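If you want the building blocks of each chain, they are given just below.
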Amino acid sequence: MAFSGKDFFTGFASTIWGLKYIHQERLFLFLIIPGAISVVAVLAMGSFVYMGITGIILELTGSIQPGFWQNVLLYAGQFLGIIAGFFISVFLYRLVVMVVVIPFLGPLLGKIEKKLLGYEKAIGWKEEWKNLGFAVWMSFFFLVIEIFVLVISLFLGPLGPILLFFVESYLMGRGAFDYLMEKDYPVLSERKKIISENRFLIWGAGVSSFLLMFIPVYGWIMAPAASLAGLTLNYYEKNH
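Owing to the predicted nature of the structure, the values given are computational and were not obtained by experimental measurement.

**Structural notes on the overall build of the chain**
Line of reasoning, step 1. Check the secondary structure of the chain and you find nine helices and zero strands.
Line of reasoning, step 2. Listed by position from the N terminus, the elements making up the chain come as α-α-α-α-α-α-α-α-α.
Line of reasoning, step 3. Within the span of the chain, comprising 240 residues, buried residues form 44% of the whole.
Line of reasoning, step 4. Long-range contacts, defined here as pairs at least 24 residues apart, represent 81% of the contacts in the chain between residues at least 6 apart.
Line of reasoning, step 5. Accessible area for the chain stands at about 12,800 Å²; split by element, carbon and sulfur atoms hold 73% of it.

Here it is in structure tokens:
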């Protein structure tokens, strides 16, 4: 399939649309639980990376005589730990989004459906469990892809982070779009087909939501919700 710039930029704009819609309709109550999970997840992953890096720096500087240069290295290590912890946690966040955060955005999706359609679409608990299992499986499948891409990016120099960014962006958008399609396309083969047809829309939404993630706290809370809300608004505008 050839690159579709129109779909990509429509997807990119949809996250901004979703963000504005959440603010206009004052839907913040629906973000309390998923938002708290997001913040805790990012802080936990960032703290883990920070402690690991600073621990390594402490070991390396332990043999250096106390004084100016040891202090410089220690402060530099702490700064590096903070920066690395932030960026690595943002990249790892995709795994948390698909498995933990997105399912808690169900009430937000239902509220938007009720406002747009006059009713909330519902599916049975068996389908809910099947969809959750599929989300977990796909999330770990994507993790394998991410590791593979990460290894390749190590040999690409400055292009490596760019490749990682676009791969992670697509996967973030995919998580939101897949959740949106669960109700209309309960059969997985049909859902995969509609996802394939909208891959550039998904990619665009993922890029904008991923960029939003780089705003501490606010972005961590709003990015998944804005992506889901924007894709929902876009989908129902076209199909209803």
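**Brief notes about the packing of helix H6 (residues 159–181) against helix H7 (residues 188–197)**
Line of reasoning, step 1. Running from N to C, H6 and H7 cross one another at 135°; their axes reach a closest spacing of 11 Å. Here H6 is positioned oblique relative to H7, judged by the angle of their axes. Both H6 and H7 take part in a crossing whose hand is right-handed. On the side of H6, the interface is formed by Tyr170, Arg174, Phe177, Asp178 and Met181, while H7 contributes Arg191, Ile194 and Ile195.

**Quick word on the side chain of Ser227**
Line of reasoning, step 1. Structurally, the position occupied by Ser227 is in helix H9 (residues 218–239).
Line of reasoning, step 2. With residues up to four places along the chain from it excluded, the contact list for Ser227 reads Thr15, Ala176, Ala205 and Ser209.

**Considering the packing of aromatic side chains**
Line of reasoning, step 1. Tallied over the full model, the rule gives eight aromatic pairs.
Line of reasoning, step 2. Plain terms: the ring middles of Phe8 and Phe9 are 5.4 Å apart, the flat faces sit at 90° to each other, and that makes the pair edge-to-face.
Line of reasoning, step 3. A residue is classified by how much of its surface remains accessible, and Phe8, at 10% relative accessible area, is buried.
Line of reasoning, step 4. Residue classification places Phe9 among the exposed positions, given a relative accessible area of 55%.
Line of reasoning, step 5. A ring pair is formed by Phe210 and Phe214, whose centres lie 5.6 Å apart and whose planes are at 35°; its orientation type is tilted.
Line of reasoning, step 6. With a relative accessible area of 0%, Phe210 lands in the buried category.

**Focus on the environment of Tyr170**
Line of reasoning, step 1. Counting through the fold element by element, Tyr170 comes out in helix H6.
Line of reasoning, step 2. As a C-alpha pair, Tyr170 and Gly204 span 34 residues in sequence and 7.6 Å in three-dimensional space.

**Observations regarding the pattern of salt bridges**
Line of reasoning, step 1. Per the counting criterion, the structure on display carries three salt bridges.
Line of reasoning, step 2. Across the pair Glu25 and Lys115 runs a salt bridge, and its minimum N-O distance is 3.1 Å. Separated by 90 residues along the polypeptide, Glu25 in the loop between helix H1 (5–24) and helix H2 (32–61) and Lys115 in helix H4 (residues 106–117) bring together distant segments of the chain.

**Some points on a nonpolar patch on the surface**
Line of reasoning, step 1. On the surface, Phe148, Ile152, Leu156, Leu159, Ile162, Leu163 and Phe166 cluster together to form a nonpolar patch covering roughly 610 Å² of accessible area.
Line of reasoning, step 2. Elements represented by at least two residues in the nonpolar patch include exactly helix H5 (125–153) and H6.
Line of reasoning, step 3. The dominant element in the nonpolar patch, judged by the number of residues it contributes, is H6, at four residues.
Line of reasoning, step 4. Relative to the helices and strands, Ile152 resides in helix H5.

**What about H4?**
Note: α-helices contain 3.6 residues per turn, so residues at a spacing of three or four share the same orientation.
Line of reasoning, step 1. In this model H4 runs 16 Å from its N-terminal to its C-terminal C-alpha over twelve residues, within 8% of the 16 Å that 1.5 Å per residue would give.
Line of reasoning, step 2. Residues Gly106, Leu108, Leu109, Gly110, Ile112 and Glu113 constitute the buried set of H4.
Line of reasoning, step 3. Positive backbone phi, approximately 90°, marks Gly118, located one or two places after H4.

**A closer look at the packing of H4 against H9**
Line of reasoning, step 1. At a minimum axis distance of 10 Å, the contact between H4 and H9 shows a crossing angle of 25°. In this view, H4 runs roughly parallel relative to H9, as classed from their interaxial angle. Remark: the crossing between H4 and H9 carries right-handed chirality. In contact with Leu108, Leu109, Ile112, Glu113, Leu116 and Leu117 of H4, H9 contributes Ala225, Leu228, Ala229, Thr232, Leu233 and Tyr236.
Line of reasoning, step 2. Partitioning the contact of H4 with H9 into residue classes produces ten nonpolar, one polar and one charged.

**A few points about the side chain of Thr232**
Line of reasoning, step 1. Within the element layout of this structure, Thr232 appears in helix H9.
Line of reasoning, step 2. For Thr232, a relative accessible area of 0% corresponds to the buried category.
Line of reasoning, step 3. Non-local contacts of Thr232, meaning those with residues more than four positions away in its chain, are made with Leu109, Ile112 and Leu180.

**A closer look at H7**
Line of reasoning, step 1. Those residues of H7 that sit buried are Arg191, Ile194 and Ile195. Looking down the long axis of H7, one finds its buried residues gathered within 105° of arc, a one-sided arrangement. Every exposed residue of H7 that faces more than 90 degrees away from the buried side is listed here: Ser189 and Lys193.

Cut-off values and rules
Residues numbered from 1 in each chain as written. Predicted model: local features only at pLDDT ≥ 70, side-chain atom pairs only at ≥ 80, totals over all residues. Heavy atoms only, no water. Helix = DSSP H or I, 4+ residues; strand = E, 2+ residues; numbered from the N terminus. Buried < 20%, exposed > 50% of the residue type's maximum accessible area, 1.4 Å probe, protein only. Contact = heavy atoms within 4.5 Å. Areas by Shrake-Rupley, 256 points an atom, 1.4 Å probe, with all protein chains shown as cover. Axes fitted to C-alpha atoms, helices over the stretch in contact; angles between N-to-C directions. Parallel < 35°, antiparallel > 145°, perpendicular 65-115°, else oblique. Left-handed = near helix turned anticlockwise from the far one by under 90°. Phe/Tyr/Trp six-rings, centres within 6.5 Å; stacked < 30°, edge-to-face > 60°. Salt bridge = Lys/Arg side-chain N within 4 Å of Asp/Glu carboxyl O. Patch = residues over 30% accessible without salt bridge, like charges linked within 9 Å, V, L, I, M, F, W, Y side chains within 5 Å. Expected span 1.5 Å × (residues − 1). Nonpolar A, V, L, I, M, F, W, Y, C, P; charged D, E, K, R; others polar. Arc of directions from axis to C-beta.

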